[in-house]
Amino acid sequence: MAVTRRQPQSRRRRSASVRPFPPGWYPVITVGSGPGGLQTSYFLRRLGVEHAALSADPGAGGMFRRYPLFQRLISWSKPYAPVERGTRPYEWYDWNSLLGDAPGHGALVPEFMDGKSYFPSRTAMERGLAAFADRARVPVRYNCRWEGTKRTDDGFVLVTSDGEYACRVVVFAIGMAEPWTPEVPGMDLVPHYVRTASPRAYADKRVVILGKRNSGFEVADALLPWARQIILLSPRPALLSIHSRSTAGVRARYLLPYEDHVLGGGVFVLDAATERIERTPSGYRVYAKGTTRPSDFALDTDTVIAATGFTTPLLDLRTLGVATFNQDRLPALTPFWESTTVRGVFFAGTVTQGAIGLKKHGIPSNSGGVAGFRHNARVLARHLAETYFGITVPRAGLRRDNVVLHLLSEVTHAPELWNQRSYLARVVNVHSRERIEEEGILPLSHFVDVGGPDAVAIVLETDQTGDHHPAVYVRRGGRVTEHVLPSDPLHNFETPAHRAQLTALLDGLL
Amino acid sequence: MSRAELIDTLAGLALFADLSRPQLEAVAHTFEEEYFADGQRVLRQGFSGSNLYIVVSGQAAVHVDGTQRTILSRGDFFGEISILLGEPPVADVVAMGPLRCLALAGSEVETFLLAYPRVTYRMLQAEARRVRSTNLWR
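Residues numbered from 1 in each chain as written. Chains lettered and ligands numbered in written order. Predicted model: local features only at pLDDT ≥ 70, side-chain atom pairs only at ≥ 80, totals over all residues. Heavy atoms only, no water.

### What about empty space enclosed by the protein?
Next, step 1: On inspection of all chains with the given rule, the structure shows two cavities of 30 Å³ or more.
Next, step 2: Its boundaries defined by the atoms lining it, the largest cavity holds a volume of some 80 Å³.
Next, step 3: Along its surface, the largest cavity is lined by Leu358 and Lys360 of chain A together with Val42, Leu43, Arg44, Phe47, Ser48, Gly49, Ser50, Asn51 and Tyr53 of chain B.
Next, step 4: Class assignment for the residues of the lining of the largest cavity results in five nonpolar, four polar and two charged.
Next, step 5: What the second largest cavity holds in volume is close to 30 Å³.
Next, step 6: Every residue along the wall of the second largest cavity is listed here: Asn96, Ser97, Leu98, His105, Gly106, Ala107, Leu108, Val109, Gly128, Leu129 and Phe132 of chain A.
Next, step 7: Tallied by class, the residues present in the lining of the second largest cavity amount to six nonpolar, five polar and no charged. (1 Å grid on protein atoms, 1.4 Å probe; cavity = no way out; pocket = protein on both sides within 12 Å on 5 of 7 lines; lining within 4 Å. Points joined across faces, edges and corners; volume = space filled by probe spheres on them. Nonpolar A, V, L, I, M, F, W, Y, C, P; charged D, E, K, R; others polar.)

### With respect to the environment of Thr123 of chain A
Residue and element names in this part refer to chain A.
Next, step 1: Secondary-structure assignment places Thr123 in helix α2 (residues 122–135).
Next, step 2: Since its relative accessible area comes to 37%, Thr123 is described here as partly exposed.
Next, step 3: A C-alpha to C-alpha distance of 8.3 Å links Thr123 and Phe112, two positions eleven residues apart in sequence.
Next, step 4: Among the polar contacts listed, one links the side chain of Thr123 to the side chain of Ser121, at a separation of 3.1 Å. (Helix = DSSP H or I, 4+ residues; strand = E, 2+ residues; numbered from the N terminus. Buried < 20%, exposed > 50% of the residue type's maximum accessible area, 1.4 Å probe, protein only. Polar contact = N/O pair within 3.5 Å; in protein donor to acceptor, adjacent residues only side chain to side chain.)

### Overview of a nonpolar patch on the surface
Residues and elements named next belong to chain B.
Next, step 1: Together, Ile81, Leu84 and Leu85 make up an exposed nonpolar region whose accessible area comes to about 310 Å².
Next, step 2: Within the secondary structure, Leu84 is located in helix α3 (residues 80–85).
Next, step 3: For Leu84, a relative accessible area of 55% gives the class exposed. (Patch = residues over 30% accessible without salt bridge, like charges linked within 9 Å, V, L, I, M, F, W, Y side chains within 5 Å. Areas by Shrake-Rupley, 256 points an atom, 1.4 Å probe, with all protein chains shown as cover. Salt bridge = Lys/Arg side-chain N within 4 Å of Asp/Glu carboxyl O.)

### Side note on the packing of aromatic side chains
Residue and element names in this part refer to chain A.
Next, step 1: Across all of its chains, the model carries 26 aromatic pairs over all chains by this definition.
Next, step 2: Plain terms: the ring middles of Trp92 and Trp418 are 5.4 Å apart, the flat faces sit at 50 degrees to each other, and that makes the pair tilted. Of the two residues, Trp92 is situated in the loop between β2 (51–54) and α2 and Trp418 in helix α9 (residues 415–419); the sequence distance between them amounts to 326 residues.
Next, step 3: One aromatic cluster in this structure is built from Trp76, Trp92, Trp95, Tyr118, Phe119, Trp418 and Phe493.
Next, step 4: The positively charged end of Arg276 is found above the aromatic ring belonging to Tyr287, 3.7 Å away from the centroid. (Phe/Tyr/Trp six-rings, centres within 6.5 Å; stacked < 30°, edge-to-face > 60°. Lys NZ or Arg CZ within 6 Å of the ring centre and 35° of its normal.)

### Let's talk about the layout of surface pockets
All names here are of chain B.
Next, step 1: Size it by volume and the second largest pocket reaches roughly 1,100 Å³.
Next, step 2: Taken together, 36 residues make up the lining of the second largest pocket; nearest its centre are Leu72, Phe77, Glu80, Glu127 and Arg130.
Next, step 3: When residues in the lining of the second largest pocket are grouped by element, the largest group, ten residues, is from helix α5 (residues 117–136).
Next, step 4: Classifying every residue of the lining of the second largest pocket gives 19 nonpolar, eight polar and nine charged.

### Some thoughts on the sheet that holds strand β7 (residues 206–210) of chain A
All names here are of chain A.
Next, step 1: Read from one edge to the other, the open sheet built from six strands follows the order β11-β10-β9-β8-β7-β12, with strand pairing classed as mixed. Pairing within the sheet leaves two strands with one partner each, and these edge strands are β11 (296–301) and β12 (303–306). In this sheet, neighbouring strand axes are inclined to one another by 40 degrees on average, regardless of whether the strands run parallel or antiparallel.
Next, step 2: Relative to β12, β7 is paired through four bridges, and the arrangement is parallel. Bridging from a neighbouring strand, Ile209 pairs with Ile305 of β12. (Pairing = 2+ DSSP bridges. Axes fitted to C-alpha atoms, helices over the stretch in contact; angles between N-to-C directions.)

### Section: the nonpolar core
Nonpolar side chains tend to gather and get buried jointly when the protein is soluble and globular.
Next, step 1: By size, the foremost hydrophobic cluster in this structure holds 123 residues, and its most contacted members are Phe172, Tyr473 and Leu506 of chain A.
Next, step 2: In terms of residues, this core owes the most to one element, helix α7 (residues 370–388) of chain A, which gives ten residues. (Core = buried A, V, L, I, M, F, W, Y, C linked by side-chain atoms within 4.5 Å.)

### A word on unusual backbone geometry
Next, step 1: In this structure, the amide linkage connecting Tyr67 of chain A to the following residue, Pro68 of chain A, adopts the cis form with an omega of 5 degrees.
Next, step 2: Within the secondary structure layout, Pro68 of chain A lies in the loop between β2 and α2.
Next, step 3: The phi angle at Trp337 of chain A is positive, at roughly 65 degrees, despite the residue not being glycine.
Next, step 4: Structurally, Trp337 of chain A is set in the loop between β15 (330–331) and β16 (345–347).
Next, step 5: The phi angle at Asp65 of chain B is positive, at roughly 50 degrees, despite the residue not being glycine.
Next, step 6: With respect to the helices and strands, the residue Asp65 of chain B is situated in the loop between β3 (52–64) and β4 (67–72).

### Focus: the sheet that holds strand β17 (residues 424–430) of chain A
Residues and elements named next belong to chain A.
Next, step 1: Judged by pairing direction, the sheet is antiparallel, and its five strands sit side by side in the order β18-β17-β19-β20-β21 without closing on themselves. Of all strands in the sheet, those bounded by a partner on one side alone are β18 (436–443) and β21 (479–484). Strand-to-strand twist in this sheet, taken as the mean axis angle between neighbours without regard to direction, amounts to 20 degrees.
Next, step 2: Sheet topology note: the strand β20 (residues 468–476)/β21 ladder contains six bridges and is antiparallel. Along β21, the bridge assignment pairs Arg475 with Val480.
Next, step 3: Running over the sheet, α7 touches β17 and β18 and is turned about 120 degrees from β18. (Contact = heavy atoms within 4.5 Å.)

### Brief notes about the interface of chain A and chain B
Next, step 1: Of the residues lining the interface, 34 residues belong to chain A; the matching set on chain B comes to 27 residues.
Next, step 2: Interface area, chain A with chain B, both sides summed: about 2,700 Å², of which 51% is carbon and sulfur.
Next, step 3: Summed over the shared surface of chain A and chain B, the result is three salt bridges.
Next, step 4: Across the salt bridge formed by Asp449 of chain A and Arg41 of chain B, the nearest N and O atoms sit 2.7 Å from each other.
Next, step 5: Joining chain A to chain B, the criterion identifies 13 residue pairs in polar contact (both at pLDDT 80 or more). (Buried area = accessible area lost by both parts, 1.4 Å probe.)

### Focus on the packing of helix α1 (residues 35–46) of chain A against α2 of chain A
Residues and elements named next belong to chain A.
Next, step 1: The N-to-C vectors of α1 and α2 enclose an angle of 20 degrees; their axes lie 11 Å apart at closest approach. Taken together, the axes of α1 and α2 lie roughly parallel to each other. Of the two elements, α1 crosses α2, and the hand of that crossing is left-handed. Each of Pro35, Leu38, Gln39 and Tyr42 in α1 lies in contact with α2, whose residues at this interface are Leu129, Phe132 and Ala133.
Next, step 2: Partitioning the contact of α1 with α2 into residue classes produces six nonpolar, one polar and no charged. (Parallel < 35°, antiparallel > 145°, perpendicular 65-115°, else oblique. Left-handed = near helix turned anticlockwise from the far one by under 90°.)

### What about helix α11 (residues 496–505) of chain A?
All names here are of chain A.
Next, step 1: Among all positions in α11, only His498, Leu502 and Leu505 are buried. Each buried residue of α11 lies within a common arc of 55 degrees when the element is viewed along its axis, so the set occupies one face. Residues of α11 that are exposed and angled more than 90 degrees away from the buried face: Pro496 and Ala504. (Arc of directions from axis to C-beta.)

### Description of the pairing of strand β4 (residues 155–160) of chain A
Residue and element names in this part refer to chain A.
Next, step 1: The element β4 is largely enclosed, with a buried count of five among its six residues.
Next, step 2: Looking at chain direction, strand β3 (residues 146–152) and β4 are connected through six bridges and run antiparallel. Across the sheet, Lys150 pairs through a bridge with Val157, a residue of β4.
Next, step 3: Relative to strand β5 (residues 163–172), β4 runs antiparallel, the two sharing five bridges. Looking at the pairing, Leu158 lines up with Tyr165 of β5.
Next, step 4: A loop of two residues connects β4 with β5, the two strands running antiparallel in sequence.

Structure representation (structure tokens):
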């Protein structure tokens, strides 16, 4: 192999004017400088895992350098919250800032918000990410494009625009921002969401939007003041976040077109499968068949926008053996976000939704958004440090009489558990009554499916009625049992009743 | 698996044999495709909040208290009993090799079955066959 093995970074002379991470061998390579890549690199560095961070982009930000198209995010960052900004509980109120282990590294996005909305603007988000890379000193080799991948006896070689990089482990934080369209005749004639023009360009026009997820409704919302008519079209009924009780549905801020449809104001939301699209002298004709009620549509329109979603730019990873699902758009991942079929290939960022978890009550993880995957990054970094590089992160001991209070405090306040409901768990290992250790945050599916010492895990769960409550998983003698604790109207799970129930549950374990 | 392949696969499953092409499109968008690696648990005995699964490819083993009872393969579905009864599953279902399933949240099953009565009828037929098989073994 032509790649040379490099000295540890600490022994190399670095200067600000020299691009970091020249081609060579590194224990770990991370690819991407969006929030997933920056967060993973940050935590790896904090744990002392040497790695090279590469990115095709000229600077930090990833997809937020371009999207959302209409310049406003769909998740909150609340400058004023019930808890102090910059503290760990504040992370629940600020879904967009990356996490920091040191003062000044976290809660950066609100610094750049202008008070017009509690959803940050795209530029505020991009500036927040750039500030994180700068203040937390996360070096990245920018303008270095990953172009191919080879397997070697002891890892991988990444072929890049700057040369070849070898590594034992690779972490792809490559986002999911590559336009995706279904195989429908004529679909190639219409622009994808990413090529949507300025709303003014749609003045007095009839617009058909293919897709009824967030991007489809985002476009419809932006065109409401301009378009003559808007038709949103996709096979299944629109799923709204207030009904799905998760961020998987259309967010409330884009519901004006839906309300217009319900009131009969000129927006139509149709459940229909597109059969083909044809050009006409004045625009397009979209042929579709109703799905929830039989009907044939031939919709004449001035323009069509394919808001049909995105896929992961996996390049040659499928050829390498990485299994995919979700119509070939996501890699299939283990609970620690490693490819289920190619060991040593990990993913970070929004692609971590490839590890589904338990999906209790149908509620998916929040790994598709920064709020969720930033926590995954911390767990992933520790997993890599401990399983691949022999770095042991010390566990704090817990007093027996403090375990119940600790777990209930966590499920009431921990951002990891609220951002990743029934997905990430707070775990306490009980090696003996005298040796009880705080194991930290782990994927719940790992805890319940992989053996280990006697232990207790707690998660925040939401059920089909929308009720938020703690769920406790107790492992005794290798067998895991589930116990649901009651909810509380003010989400306070530290009440005497909760203490009494959890104490009884753990009787004999502690 | 592309969308077209998924719809073709659905069309070949007994459960969806009565549906039109547009209805199959809607089903393909209503269910989520999920992938499970060898040995991964899909359904967990005694855990609440589980979902309905239909095997698209691969095989899965049904374990009750650690003992294997049967093997599920393409076209089989599981998880419906606990959803219909509102009780946790009484078995583990574990992937035997790579397993692809379509999954529907438990909370959406009633709406789905009412919207597609022909699917409900096919499901009842399958349940009847299971009851008959169970009785034959007594």
